[in-house]
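Now for the letters of each chain:
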Amino acid sequence: MITSGIEDEDKWLAEGIAGIQQHAFYMHRALDANNLREALKYSAQLLSELRTSRLSPHKYFELYMRAFDELRKLEMFFKEQDRHGCSVADLYELVQHAGNILPRLYLLCTVGSVYIKSKDAPAKDVLKDLVEMCRGVQHPIRGLFLRSYLAQVSRDKLPDIVSECEGDADTIMDAVEFVLQNFIEMNKLWVRMQLQGPVRVIEKRNKERNELRDLVGKNLHVLSQIEGIDLEMYKDTVLPRILEQVVNCKDELAQYYLMDCIIQVFPDEYHLQTLETLLGACPQLQPTVDIKTVLSLLMERLSNYAASSPELLPEFLQVEAFAKLSNAIGKVIEAQVDMPVVGAITLYVSLLTFTLRVHPDRLDYVDQVLGACVKKLSGKAKLEDTKATKQVVALLSAPLEKYNDIVTALTLSNYPRVMDHLDDGTNKVMAMVIIQSIMTNNTCISTADKVEVLFELIKGLIKDLDGTPVDELDEEDFKEEQNSVARLIHMLYNDDPEEMLKIICTVRKHIMTGGPKRLPFTVPPLVFSALKLIRRLQGQDGEVDGEEVPATPKKIFQLLNQTVEALSYAQSPELALRLYLQCAEAANDSDLEPVAYECFTQAFLLYEEEVADSKAQVTAIHLIIGTLQRMNVFGVENRDTLTHKATGYSAKLLKKPDQCRAVYACSHLFWVDDQDGIKDGERVLLCLKRSLRIANAAQQMANVARGSSGPITLFVEILNKYLYFFEKGNPQITGAAILGLIELIKNMQSDTTTPDRASDAFFASALRYIQFQKEKGGAMGELYNSINV
């Protein structure tokens, strides 16, 4: 059926074009013969083809353009007649005797154009006559094209101040009145189209109306081009008349298009000075009109206008543009009760964009827009509309992009209230945007109050908002989010220790609510931030009781102990152990022996009770040994207790090679190469001998298990320890002992049936080192001369 309709329409169009061509042929013969009456007869027959009602607007336009081309030739003939003495006034009377009204009016408009140009009659009288006569055609499509033709032939003949047709300041109003009247009549015809045909084809009618809208809008473009329309005339006459027609037509399509037209064709300066009038029409439009797009376009144009010159800002302040726009948006939302939430939020996004571009220094305006959005969203559940959510994200992102400083956003009281209306997923996205802004702009948050607001904004990353277990979240996304929070903590800083301690306490309060899976990400940066503060306060002391006591290392260590202890309960004992050791180092630097001892005690407890994996135990014991070796704060008793614990745990590791390496590492606990460091050569030798016994046991176990001796790597590693302490001057480590160990290793090499290249290369490197020291000479060379290899 649709295909058949299209084919019929093409057939009717072809017939119409053929008719025009046929009549045009005879019209041209009459024109060549200078036969006026014959020319008028055939031109009327040609124009009769435009009386068809069978074509859609698109096809009718093709037919109209064929007729239009012929009318241009006829107009040239009429001008020639005027030059040859034929009165245009008589011609104007003559064409009115055409039989059918549509051809008659097309001819009348054509002759009228020549009549005005001849100046034989006042332009305003001819134009008034033409615009009134065109009322005789009330068929919407035929009437629209007729009046469009009238607008086309008269646009260069309007009596404005630059026109040759009697133009002066007194006649501008006549030109305005003509265009306005033509516009009003065309709009009525256009609106009337919606009443044609059955209801079931309403979608098709709307499509056809959209194809014709530019015919109506062209009048407003002509109006904007009339020279002499100043701001006062636009304000008092032009805009009120146009808006009256827009409001009264009560047609959704017409109202949207014409409001858009007004904003597009008239100058920005006029919009600014008539803002109240223009905005006053918005709440009166039909509820279904997409007014948000219209207002957004208006605000965008005004924003660009303001950006074009800083000198324009006083004008915006003078007319109170922000207040008027804000008030108008409120009235539109109130009037259109069925407006979706996304529509309202889109309006607020546009208003905020306008505000940030025109009044960037007025944070109260920005907060006012956010507050209006909160009011609109209040009483509603979390946003589930994807489009509305995107608009809220755009609303919240705009201040961040404008100011490049989250600190500014933190001063906006309504900012977090808007975020509260986001669903949990989007809340996290927005929190990530905020953190990204801080990191990109290297923003330092320097007060506890601002940190409190910031962590309220990003609470979706810090704790479960909806009770969803962390285990159900995407692992990769979760890690990225928590790593972002960890990086953020490093951006919180204040030179004042008191304020910095408040910041740390504020962060701790928030992250402790995050649950066991988040703490391993968020506790370490907090601990290191606190340790930085401790090192700044080294040498200070004070009691920890009372709220008003100044920040002291003791007070911070007490806080840290509670924080790391919480981590140990969160199935992260290895991380807690590492942090306790970091705290011990800081306590050592602050000369706080009891605190350092407590940290080691906690580390050993975690090692004993929580670290079960053998590999983790090896790593942990080496960390403990390495940290303890650097300690110089302990007295003899405390140090002996801790070193005894460390060596005891080393010898109890599951695998013999691990035991061996941990025990020879303990030798460093008894020989610290500092001026005041401990130097107990006998205990060093005991550790090394013990490690040799363990290495030998490991060798025997390998022989039993595999039928051959194991690798000699452990013995070579112990040899290197002997060499180290030999160079450091340990009297218990003699050249003879080193030589004996070398001989032992050589014998082991000769006994093995499966040489180990890595171990052999390692041993060869140790022997080359000894030879190098001998050849180097000096005190070290003399020392090594006792070792003959």
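Residues numbered from 1 in each chain as written. Predicted model: local features only at pLDDT ≥ 70, side-chain atom pairs only at ≥ 80, totals over all residues. Heavy atoms only, no water.

A. Representation of the overall build of the chain in the model. For the chain, the helix and strand inventory stands at 38 helices and 0 strands. A compact globule built from 789 residues would reach a C-alpha radius of gyration of about 28 Å, whereas the chain, at 46 Å, exceeds it by more than 25%. Considering the chain as a whole, with its 789 residues, one finds that 51% of them fall into the buried category. Taking the contacts inside the chain whose residues are at least 6 apart along the sequence as the reference set, 71% of them involve residues at least 24 apart. Accessible surface, the chain as shown: approximately 36800 Å² in total, 49% of it carbon and sulfur. Taking the average place of the 86 positive charges on the side chains of the chain and the average place of its 110 negative ones, the gap between the two points comes to 4 Å. (Helix = DSSP H or I, 4+ residues; strand = E, 2+ residues; numbered from the N terminus. Rg over C-alpha atoms; globule rule 2.2 N^0.38 Å. Buried < 20%, exposed > 50% of the residue type's maximum accessible area, 1.4 Å probe, protein only. Contact = heavy atoms within 4.5 Å. Areas by Shrake-Rupley, 256 points an atom, 1.4 Å probe, with all protein chains shown as cover. Lys, Arg positive; Asp, Glu negative; His and termini not counted. Charge placed at Lys NZ, Arg CZ, Asp CG, Glu CD.)

B. Unusual backbone geometry, seen in detail. One non-glycine residue with positive phi stands out, namely lysine 250, at about 50 degrees. The residue lysine 250 is located in the loop between helix 10 (231-249) and helix 11 (252-265) in this model. A relative accessible area of 54% places lysine 250 in the exposed class. Positive phi is not limited to glycine here, since aspartate 591 has a value of about 60 degrees.

C. Highlighting the pattern of salt bridges. One pass over the structure, following the stated rule, counts 24 salt bridges. Across the pair glutamate 177 and arginine 241 runs a salt bridge whose closest N-O atoms are separated by 3.1 Å. Taken as a pair, glutamate 177 in helix 8 (residues 172-192) and arginine 241 in helix 10 lie far apart in primary sequence, 64 residues in all. Put simply, Glu132, Arg135 and Glu185 are held in one network by salt bridges that share partners. (Salt bridge = Lys/Arg side-chain N within 4 Å of Asp/Glu carboxyl O.)

D. Looking closely at the packing of helix 14 (residues 291-307) against helix 17 (residues 341-358). Remark: helix 14 packs on helix 17, axes separated minimally by 9 Å, with the N-to-C direction vectors making an angle of 5 degrees. Of the possible angle classes, the one that applies to helix 14 and helix 17 is roughly parallel. On helix 17, the residues touching Ile291, Lys292, Leu295, Ser296, Met299, Leu302, Ser303, Asn304, Ala306 and Ala307 of helix 14 are Gly343, Thr346, Leu347, Ser350, Leu351, Phe354, Arg357 and Val358. Considered class by class, the residues forming the contact of helix 14 with helix 17 number 10 nonpolar, 6 polar and 2 charged. (Axes fitted to C-alpha atoms, helices over the stretch in contact; angles between N-to-C directions. Parallel < 35°, antiparallel > 145°, perpendicular 65-115°, else oblique. Nonpolar A, V, L, I, M, F, W, Y, C, P; charged D, E, K, R; others polar.)

E. Representation of helix 2 (residues 36-48). Over its 13 residues, helix 2 extends 18 Å from the first C-alpha to the last, a length consistent with the 18 Å expected when each residue adds 1.5 Å. Within helix 2, the full set of buried residues consists of Leu36, Ala39, Leu40, Tyr42, Ser43, Ala44, Leu46 and Leu47. (Expected span 1.5 Å × (residues − 1).)

F. View of helix 6 (residues 123-133). Of all the residues in helix 6, the buried ones are Ala123, Val126, Leu127, Leu130 and Val131. Along the long axis of helix 6, the arc covered by the buried residues comes to 125 degrees, so they all point the same way. (Arc of directions from axis to C-beta.)

G. The arrangement of the side chain of aspartate 251 in detail. Within the secondary structure layout, aspartate 251 lies in the loop between helix 10 and helix 11. A relative accessible area of 4% places aspartate 251 in the buried class. Only 2.6 Å separates the side chain of aspartate 251 from the side chain of arginine 209, close enough to count as a polar contact. Setting aside anything within four residues of it in sequence, one finds aspartate 251 in contact with Val191, Gln194, Arg209 and Gln286. (Polar contact = N/O pair within 3.5 Å; in protein donor to acceptor, adjacent residues only side chain to side chain.)

H. Molecular detail of the environment of glycine 280. One can find glycine 280 in helix 13 (residues 275-281). Sequence spacing of glycine 280 and alanine 586 is 306 residues, and the spatial spacing of their C-alpha atoms is 68 Å.

I. View of the packing of helix 14 against helix 16 (residues 321-335). In contact at an axis separation of 12 Å, helix 14 and helix 16 are set at 175 degrees when each is read in the N-to-C sense. Compared by their axis directions, helix 14 and helix 16 come out roughly antiparallel. Taking contact as the criterion, the partners of Ile291, Leu295, Leu298 and Met299 in helix 14 are, on helix 16, Leu325, Ile329 and Val332.

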